[in-house]
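Commentary on secondary and tertiary structure
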Amino acid sequence: MSNIDNVLAFNREFVASKGYESHLTDKYPDKSLAVLSCMDTRLSVLLQEALGLKNGDAKIIKNAGAVIPSPWDSAMRSLIVAVYELGVTEIMVVAHSNCGACHMSFAHFREAMLARGISSSAFIRSDVDLNTWLDGFHDTEASVRSTVATIVNHPLIPSDVTVRGFIIDSSTGELTEIR
């Protein structure tokens, strides 16, 4: 049985046993907070527990590296929706220690893609520079500062929204504020 099939079987039992009842909330974050963080599996549960957040407290937005590579990407869109539609007044950018995005590069992905049968003609895009789009960062603190600045300086984010950046230790959950 595949992992997805296992998930589906679990889901049927979860719904049948009403496992969802302890998670019921509405779409508005109780703490008027949004958190942009990395999709790293070490943070799946650790992030919310280390921040003292329960289901419904915050909008959690995750991507590779907790970055906003373009002011018009999906993470920024989600933050704008969170501010104007869901009442978010504070945003935390939370990167983490030992992030794999520190070592990402299109050169690495290119080789892996070719090995998986992707044609090199797929790399030719007039609207996207894959060297930039699939590049990571090499300094986590600088990346957090850049992401915070992108949010703060975005023309659609009002000045009354608080934006702060942090690095969470991916083992202990300890937060360090980046200024």
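Refer to the structure presented above.
Here goes a summary of the coordinates provided. (Residues numbered from 1 in each chain as written. Predicted model: local features only at pLDDT ≥ 70, side-chain atom pairs only at ≥ 80, totals over all residues. Heavy atoms only, no water.)

In this structure, Ser32 takes a positive phi of about 50 degrees despite not being glycine. Here Ala66, not a glycine, exhibits a phi torsion of approximately 55 degrees, which is positive.

Here the focus is helix H3 (residues 74–86). Buried within H3 we find Ala75, Met76, Leu79, Ile80, Ala82, Val83 and Leu86. Turning to H3, the residues buried within the fold contact strand E1 (33–38), strand E2 (58–63), strand E3 (90–96) and helix H6 (140–152). Here H3 starts with a cap whose side-chain oxygen sits 3.2 Å from the backbone nitrogen of Ala75, and that cap is Asp73. (Buried < 20%, exposed > 50% of the residue type's maximum accessible area, 1.4 Å probe, protein only. Helix = DSSP H or I, 4+ residues; strand = E, 2+ residues; numbered from the N terminus. Contact = heavy atoms within 4.5 Å. Polar contact = N/O pair within 3.5 Å; in protein donor to acceptor, adjacent residues only side chain to side chain.)

Turning our attention to the packing of aromatic side chains. Where two aromatic rings form a pair, the distance of their centres and the angle of their planes describe that pair. On inspection of all chains with the given rule, the structure shows two aromatic pairs. Arranged with centres 6.2 Å apart and planes meeting at 25 degrees, the rings of Phe10 and Phe14 form a pair that is stacked. One end of the pair is Phe10 and the other is Phe14, both in helix H1 (residues 3–16) and four residues apart, which spans about a single turn. Given the relative accessible area of 59%, Phe10 is considered exposed. A relative accessible area of 27% means that Phe14 is categorised as partly exposed. Between Phe106 and Phe123, the ring centres sit 5.4 Å apart and the planes meet at 85 degrees, which makes this aromatic pair edge-to-face. Highlighted residues: Phe106 in helix H4 (residues 106–115) and Phe123 in the loop between H4 and helix H5 (130–133), separated in sequence by 17 residues. With a relative accessible area of 13%, Phe123 lands in the buried category. (Phe/Tyr/Trp six-rings, centres within 6.5 Å; stacked < 30°, edge-to-face > 60°.)

Once their charged atoms are close, side chains differing in charge can pair, the charge on each being opposite to the other. Evaluation of the coordinates by the stated rule reveals eight salt bridges. With its nearest N and O atoms 3.5 Å apart, the salt bridge here joins Lys27 to Glu85. With Lys27 in the loop between H1 and E1 and Glu85 in helix H3, this residue pair connects regions lying 58 residues apart in the sequence. Glu85 sits in the partly exposed class, given a relative accessible area of 44%. (Salt bridge = Lys/Arg side-chain N within 4 Å of Asp/Glu carboxyl O.)

Spatially, E2-E1-E3-E4-E5 is the arrangement adopted by the five strands of the open sheet, whose pairing is mixed. Looking along the sheet, the strands with just one partner apiece sit at the ends: E2 and strand E5 (175–178). Between one strand axis and the next, the sheet turns through 25 degrees on average, direction left out of account. Bridge analysis of strand E4 (residues 162–168) against E5 gives four bridges, and the strand direction is antiparallel. Note on E5: the bridge partner recorded for Gly165 is Ile178. Where H3 meets the sheet, it contacts E1, E2 and E3, and its direction lies at approximately 170 degrees from that of E2. (Pairing = 2+ DSSP bridges. Axes fitted to C-alpha atoms, helices over the stretch in contact; angles between N-to-C directions.)

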